[in-house]
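Working through the structure, step by step
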Amino acid sequence: MQTSINLQEPFTYSIIPLIITLCLTITITCYLIYTRKKKEKVKVLENEIKVIPEKNIKDIPVIKSKYLNQLNSIEYKYNNEMIELRKAYQLISETIRLFVFEITDITTQNYSLSEIKKLNIPILYELIKEYYEPEFASKSIGDFNNSINKARRVINEWN
């Protein structure tokens, strides 16, 4: 039987608003996760700075002597061409970071330059900043004697 009634097509929604909503939700979620992790990392750094245990005054001269001897060893190896300039800078950087760690218990040996800057220890930041270029440049160029003397001065003057 034929009828003259035409049925209407099923009602459909556009998929574009759904895609836009989904993208916005994912973007906002990622942003919130990123900012939360960043705040937690800063909070950990701040807590680490605040919780610096007192060191026994008798230990500090021994610690200073230990790291000054390491610097002397690095200088000897570099001057006798046992290590290259890049390796010498890497060793100086490692030595000064370990010294600060042993004195303050802040794990500076694991920190990037920007994290060290947040520690608010300007002398350490300046030293590590100076060592970065010779350590990581494709061709190491630096004034080794000046750099190692600065490291010695920092260790000697540390309170």
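The rules behind each value
- Residues numbered from 1 in each chain as written.
- Predicted model: local features only at pLDDT ≥ 70, side-chain atom pairs only at ≥ 80, totals over all residues.
- Heavy atoms only, no water.
- Helix = DSSP H or I, 4+ residues; strand = E, 2+ residues; numbered from the N terminus.
- Buried < 20%, exposed > 50% of the residue type's maximum accessible area, 1.4 Å probe, protein only.
- Contact = heavy atoms within 4.5 Å.
- Areas by Shrake-Rupley, 256 points an atom, 1.4 Å probe, with all protein chains shown as cover.
- Patch = residues over 30% accessible without salt bridge, like charges linked within 9 Å, V, L, I, M, F, W, Y side chains within 5 Å.
- Salt bridge = Lys/Arg side-chain N within 4 Å of Asp/Glu carboxyl O.
- Core = buried A, V, L, I, M, F, W, Y, C linked by side-chain atoms within 4.5 Å.
- Axes fitted to C-alpha atoms, helices over the stretch in contact; angles between N-to-C directions.
- Parallel < 35°, antiparallel > 145°, perpendicular 65-115°, else oblique.
- Nonpolar A, V, L, I, M, F, W, Y, C, P; charged D, E, K, R; others polar.
- Polar contact = N/O pair within 3.5 Å; in protein donor to acceptor, adjacent residues only side chain to side chain.

1. Quick look at the overall build of the chain
Along the chain, the regular secondary structure elements total 6 helices and 0 strands. When the helices and strands of the chain are read in sequence order from the N terminus, they spell out α-α-α-α-α-α. Evaluated residue by residue, the chain yields a buried proportion of 29% over its 159 residues. Intrachain contacts of the chain at a sequence separation of at least 6 include 69% that bridge at least 24 residues. For the chain, the accessible area works out to roughly 11800 Å², and carbon and sulfur atoms hold 58% of it.

2. Regarding a nonpolar patch on the surface
A cluster of nonpolar side chains, contributed by Ile15, Ile16, Leu18, Ile19, Ile20, Leu24, Ile28, Tyr31 and Leu32, occupies part of the molecular surface with about 950 Å² of accessible area. Checked against the element boundaries, Leu32 lands in helix 1 (residues 16-50).

3. Some points on the nonpolar core
The biggest cluster of nonpolar side chains holds 33 residues, and the ones touching the most others in it are Leu71, Ile74, Ile92, Ile96, Phe99 and Tyr131. Of all the secondary structure elements, the ones that give two or more residues to this core are helix 2 (59-79), helix 3 (85-104), helix 4 (113-118), helix 5 (122-136) and helix 6 (144-157). For this core, the leading source of residues is helix 3, giving 9 residues. Once you skip the residues sitting within four places of it in the chain, Ile92 turns out to touch Leu71, Ile74, Tyr131, Phe144, Ile148 and Ala151.

4. Observations concerning the pattern of salt bridges
Evaluated as defined, the whole model comprises 3 salt bridges. Linking Lys66 and Glu102 is a salt bridge whose minimum nitrogen-to-oxygen distance equals 3.2 Å. Taken together, the residues Lys66 in helix 2 and Glu102 in helix 3 connect sequence positions 36 residues apart. On the accessibility criterion, Lys66 (39% relative accessible area) is partly exposed. One salt bridge connects Glu130 with Lys150, and the closest N-O pair in it is separated by 2.8 Å. One end of the pair, Glu130, is in helix 5; the other, Lys150, is in helix 6, and 20 residues separate them in sequence.

5. Re the packing of helix 2 against helix 3
Look at helix 2 against helix 3: their axes get within 10 Å of each other, and the N-to-C directions meet at 175°. When the axis of helix 2 is compared with that of helix 3, the two are roughly antiparallel. Residue-level inspection shows Ile60, Ile63, Lys64, Lys66, Tyr67, Gln70, Leu71, Ile74 and Tyr78 of helix 2 in contact with helix 3, the latter providing Leu85, Ala88, Leu91, Ile92, Thr95, Leu98, Phe99, Glu102 and Ile103. Taken together, the residues that form the contact of helix 2 with helix 3 break down as 13 nonpolar, 2 polar and 3 charged.

6. Considering the side chain of Thr104
In this structure, Thr104 sits in helix 3. Under the relative-accessibility criterion, Thr104 is labelled buried at 7%. At 2.6 Å, the side chain of Thr104 and the backbone oxygen of Val100 are in polar contact.

7. With respect to unusual backbone geometry
Phi is positive for Glu81, close to 55°, though the residue is something other than glycine. Structurally, Glu81 can be placed in the loop between helix 2 and helix 3. Glu81 sits in the exposed class, given a relative accessible area of 71%. The backbone phi angle of Asp105 is positive, close to 65°, even though this residue is not glycine. Mapping Asp105 onto the fold places it in the loop between helix 3 and helix 4.

So, to be careful, I would describe these as geometric facts and stop short of saying anything about function.
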